[in-house]
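Geometric and topological summary
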Amino acid sequence: MPSRTVGNSPRARQRRALLHAAIALALPSMGAAQVAQVPERQYAAASVTTLERVSVVGNRPASMPLEIPTTLLSLSGREIEQTINATDAEDALKYFPSLLVRKRYIGDYDHAVLATRASGTGNSARSLVYADGVLLSNLLGNGASFTPRWALVTPEEIERVDVLYGPFSAAYAGNSAGAIVDFVTRMPKAFEAHAKLTGFTQDYRLYGTNSRYSGGQGSASMGSCGGDWSWWVNMNRLDSNSQPVGFATKLVSAGTAGGAGTAVTGAVTGSNPRGQPWLLFGATGQTHTVQGHAKLKLAYDITTSVRASYTLGYWGNKADRNVESFLRDAAGNPVYSGVVNVEGRSYTLAATDTAPSRARLEHLAHGLSVKSHTRGTWDWEVAASLYDYGRDQVRAPTVAMPVAQSGGAGRITDLHGTGWNTLALKGIWRPDGAQGEHIVEAGLQRDAFRLRSQVATTPDWIGAAADPASTPSTFRGNTTLHSVWAQDAWRFAPEWKAVLGGRIERWQAFNGAINGVALGERSESHVSPKAAVWFQVSPELTLKASIGRAVRMPTVSELYQGSVSANVVVNNDPNLKPEKSWTSELSAERDIGVGTLRLTTFAERTVDALYSQTNVTVTPNVTNIQNIGAIRTLGAEVALQANDVAVKGLDLSGSVTYADSVITRNDNNPGSVGKRQPRVPQWRATALVSYAMDDRWSGSFGARYSGRQYGQLDNSDSNDFAYTGFSRYFVTDVRLRYRANKQWVVSAGIDSLGNATYWAFHPYPQRIFMAELRYDH
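Residues numbered from 1 in each chain as written. Predicted model: local features only at pLDDT ≥ 70, side-chain atom pairs only at ≥ 80, totals over all residues. Heavy atoms only, no water.

Okay, the pairing of strand S15 (residues 277-303) next. For a regular strand, side-chain orientation follows a simple rule: the groups alternate between the two sheet faces. With 13 bridges joining them, strand S10 (residues 229-241) and S15 adopt antiparallel strand pairing. Within the sheet, the bridge partner assigned to Trp 231 lies in S15 and is Leu 298. In this structure, strand S11 (residues 246-251) lies alongside S15, joined through six bridges in antiparallel fashion. Across the sheet, residue Ala 248 finds its bridge partner in S15, namely Gly 282. As paired elements, strand S14 (residues 268-271) and S15 share four bridges and run antiparallel to each other. Its bridge partner lying in S15, Gly 270 is registered against Trp 278. With 19 bridges connecting them, S15 and strand S16 (residues 306-325) associate as antiparallel partners. Residue pairing for S16: Gly 282 is matched across the bridge by Ser 325. Counting the residues between successive antiparallel strands, the hairpin from S15 to S16 contains two residues. (Pairing = 2+ DSSP bridges. Helix = DSSP H or I, 4+ residues; strand = E, 2+ residues; numbered from the N terminus.)

Encoded structure:
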């Protein structure tokens, strides 16, 4: 559960005593009497709440600034292991207020995107995800298929995950409009070794599918520290079978009355999200994914106050997506394509309607930093990262099943050469010391993104040695963002503090080409001011106000990737404008003795929002990424964190979020004006109750709720409980943990205890049973 401020429980008093000792060690110039007088608001367990001086209790990772200007929540790796059924790194975010990861199955590598208060799962580029300073967010594009590279972090190596809400820190680009997630992974202080085995299974029933899908995961890690060196190695292998995530469909009205075609049975009737009757002919996207992860971390203390760190991460994936036809001919054989007849109406099934695919991916990530931590007048840091698509191929047939099972013509989508890199220089100035009136942070950054996409035809879609016959479409492009930023944390009165800052950015797009046609270069410059004020009304009550501007530049894919068909132009626009948002937040946080209660109101106005839509004002209509005039979001969030509630060991966290997000201007599609922003529900809620019965047994119960969502800009999808719909849901999870001794832990859990069926375009999993065996040395 997200950690908050220190309360007055016995556990909290124990933490307070430990923190006094930590402060004395970190700041030896302070005497015991001075330490005892440090205000409680300056230390807050392992994670510090908003506007706290985090340098008092430890170093933040490279990607987090020292001074946090708004709401910051944290969750420790120990809490994750005890309370959450975590098979992927993104599971750590399950119960954070206002957050949702659209995870369709265990090991979902290409659609598990992050949604925040005013941004849905179609806006992945409006959040930032890091691990030890390495950018995991896939800012090559925006949308469901540009998921962060979660697989570069395994749950058992997480030491802490921090979430910073909103674009209020000058240290981040406009992609921080929603939230910043930062995974801090383990770095040992002595020799340690860990191993974990996990198994999971679900019985899945939907439409014509009735099957069991199972998988397993194994991981091992070890590390040590000796002299000036420390090291950490982690390896993980995941073998997961998902439920089908897609279906072949045809509107009933698209059928032709008569007896033409092969008479078939097995078609499933239903209604699409617009309430129109349709038929479902088969299931697609049943994914068998085998993923390998390896990570090496090295750290060397150059001096007592300067440390160099290096991270090397590898992720490989072999993913086969299979299909199942619901249709049977008179002899009982499955039918995948051609003209079929269902109850006197004929329909044409294309070969690609129920097509399998095979993906082979190998990605590498590098991170290097050199950082000083004197806690004196000056500190500095240099950090660089590189993410490379060493191999990234997806093969699919263009011939129909079952012929495609043994080969035949197909296409290859190849992203080799795609990736991104970052470079950051940062300085910290404390003119009056760590407890002085001013703490100034400033930095220079360069972020570069490179897209290389080629779609080729091949005579043998499953033959690894088959050479492409032609390249019907190619897309390429580069973007860079150069930034300079600064912010000053100013304690201008004993109970007041302000964080004032700004960011200047220079963006360039170049080397763009669509199907061989070169496109011109572009460049823009923008200024994003930030401001936050903090007031300690009393020892129990804190008030905070923040405002910030975010400029989210178009991604390479939004600018340069697209296609053209005979009937509809689907071609992205190299002249897209950036999204520009003003976001504000007002919070009141109260210490309630056993924890904290926080009320936050927020508002956001975004102009030129980037969405895929059809321009209905031109003939023929054009469908591509376009700028939407304006979107306005108003909302409120209530969050509670409490420890030792009523009895020792009973902890509770929960949140309720309301967001009224409305399109207020859209010249290209006037029918969407006044409608709710897609994929942003009005209501969201989370709850997590955990109870440590004794030193051996503990358990948790979690609940997640989301209200009605829409997938279409004009909100025409009135039927949310259907394939391609975005439904409301209420899901509960349980976990039971038993520590046999110091080394061995056994855990079991159930996700979606009530076996709910719900949708975010694709269907989510149903009830999943899990079991874990863990060893720690």
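The amide bond that connects Met 401 to the next residue, Pro 402, takes the cis arrangement and shows omega of 0°. Tracing the chain through its elements places Pro 402 in the loop between strand S20 (378-397) and strand S21 (410-414). At the junction of Thr 619 and Pro 620, the peptide bond is cis and its omega measures out at -5° in the coordinates. With respect to the helices and strands, the residue Pro 620 is situated in the loop between strand S32 (595-615) and strand S33 (622-642). A positive phi is found at Asp 644, a non-glycine position, where the angle reads about 50°. Relative to the assigned elements, Asp 644 resides in the loop between S33 and strand S34 (650-665).

It is worth spelling out the pairing of S21 at this point. Alternating positions in S21 separate cleanly, Gly 410, Ile 412 and Asp 414 being buried on one face and Arg 411 and Thr 413 remaining unburied on the opposite face. The pairing of S20 with S21 spans five bridges and is antiparallel. Bridge assignment links Pro 397 to a residue of S21, and that residue is Gly 410. Direction of pairing for S21 relative to strand S23 (residues 438-458): antiparallel, over a ladder of five bridges. For Thr 413, the partnering residue across the bridge sits in S23 and is Val 455. (Buried < 20%, exposed > 50% of the residue type's maximum accessible area, 1.4 Å probe, protein only.)

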